[in-house]
Amino acid sequence: MLVVDVLLGVLGAGALWVATGVRVVQQFERGVVFRFGRVHKSIRQPGLTLLIPIADRLRKVNVQIITMPVPAQEGITRDNVTVRVDAVVYFRVHDPVLASVNVQNYTFAMSQVAQTSLRSIIGKSELDDLLTNREPLNQGLELMLESPSTGWGILIDRVEIKDVALPESMKRSMSRQAEAERERRARIITADGEFQASQKLSDAAMIMSETPAALQLRLLQTVVEVAAEKNSTLVLPFPVELLRFLDGATPETAKSPTSVPRRPMPKPVSLDEALAALPDIAPPPEPPELPEIDDVPSLEGLEDSAGPDRADQKADD
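Now for a quick tour of the structure. Residue numbering note: each chain is counted from 1, following its sequence as written. Reporting of local features is limited, given that this is a predicted model, to residues whose pLDDT is at least 70; pairs of side-chain atoms are given and counted only at 80 or more, and all residues count toward the totals for whole chains, interfaces and linings. Each side-chain value is worked out from all heavy atoms of the structure, with water and hydrogens disregarded.

## Brief notes about the overall build of the chain
Then comes step 1: Counting secondary structure elements, the chain contains twelve helices and eight strands.
Then comes step 2: A 1.4 Å probe rolled over the protein chains alone gives each residue an accessible area, and that area as a share of the maximum for its type sets the label: buried under 20%, exposed over 50%, partly exposed in between. Per-residue burial for the chain yields a buried fraction of 20% across its 317 residues.
Then comes step 3: Here the open area of atoms and residues is found with the Shrake-Rupley method and a 1.4 Å probe, where only the protein chains shown may cover a residue. Here the chain displays about 24,800 Å² of accessible surface, and carbon together with sulfur accounts for 59% of that area. Note on conventions: DSSP H or I runs of at least 4 residues are helices, E runs of at least 2 residues are strands, and numbering of each starts at the N terminus.

## Observations concerning the pairing of strand 6 (residues 66-76)
Then comes step 1: A pair of strands is treated as paired once DSSP finds two or more bridges between them. Bridge analysis of strand 6 against strand 7 (residues 82-93) gives nine bridges, and the strand direction is antiparallel. Looking across to strand 7, one finds that Ile66 is bridged to Phe91.
Then comes step 2: The antiparallel pairing of strand 6 with strand 7 creates a hairpin that spans five residues between the two strands, and Asn80 there sits at a positive phi of about 60 degrees.

## With respect to the side chain of Gln73
Then comes step 1: Tracing the backbone shows Gln73 in strand 6.
Then comes step 2: Residue classification places Gln73 among the buried positions, given a relative accessible area of 4%.
Then comes step 3: N or O atoms closer than or at 3.5 Å make up a polar contact, with two conditions inside protein: a donor-capable atom paired with an acceptor-capable one, and, for residues adjacent in sequence, both atoms drawn from side chains. Looking at Gln73, its side chain comes within polar contact range of the main-chain oxygen of Pro71, at 3.1 Å.
Then comes step 4: Side-chain polar atoms of Gln73 contact the side chain of Arg119, separated by 2.6 Å.
Then comes step 5: Contacts between residues were defined by any pair of non-hydrogen atoms, one from each residue, lying within 4.5 Å. Contact partners of Gln73, with chain neighbours within four places excluded, come to Val83, Arg84, Val85, Gln115, Leu118, Arg119 and Ile122.

## With respect to unusual backbone geometry
Then comes step 1: Positive phi is not limited to glycine here, since Ile54 has a value of about 70 degrees.
Then comes step 2: The residue Ile54 is located in the loop between strand 4 (47-50) and strand 5 (56-62) in this model.
Then comes step 3: Residue classification places Ile54 among the exposed positions, given a relative accessible area of 73%.
Then comes step 4: Unusually for a residue other than glycine, Asn80 sits at a positive phi of about 60 degrees.
Then comes step 5: Following the sequence through the fold, Asn80 ends up in the loop between strand 6 and strand 7.

Pasting the structure below:
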């Protein structure tokens, strides 16, 4: 009886020992076994697994795809524009042994690498690429993350830039640029429409010039269209050809009755002919003859005629 009790006790202890070494690994997990501190090469698959009590330690690693948002990073683009960019990274553990041994916390490590890589991408890119051409930037960011994550046993599934925040001044500048671009397109389209319409009108004018009746039919069609409206006024166009015909049939004097006839231009003549045509001029009269010097009265006679006053003055002297 004692032997039976001992056997039952041994079996119970063995069952308890085995039960302490039984572990359950979920479908989305993989088990990494550390035996006396050394990692075991074999990875425990999902299901029931048996460990050696006291000797083995099991670490479960989640192999699901992890969605990690990257905080918004502020940087200056290559064309000197300050922006704030945030992104999201999708990754999963590819090698549970490397993820458990080579890095302490692979989630935190991936977050830091993603932030520094995002800042580097911002500095290498231009604003237009961040706004409209994000696919190459996503691929470049994915390559930058794969470089360190390969040694950590992590596989990058996808990287995407979510949002690009711009300053208010830049938004206003871009809106003005877009408005100017729309206005330019509208002007080009309007000019192109006028050019095509002028070509069609030129072709129509050539056809109507070959067939004068077509112009009359077009005139009647215009009258019908105007008369279709409910109005009391009918506008009839006056043909320009009739004006030209009347202008050609009117005589020259009737066109300008008050006009003064122009005098004919004189015929140019030479200098000799002009001098010959002048009338004869009478010669100037001869100057009178001057008296001779002998006929001039002497000075003595003049003194005598000066009178007694002049003689008394000389006596006093």
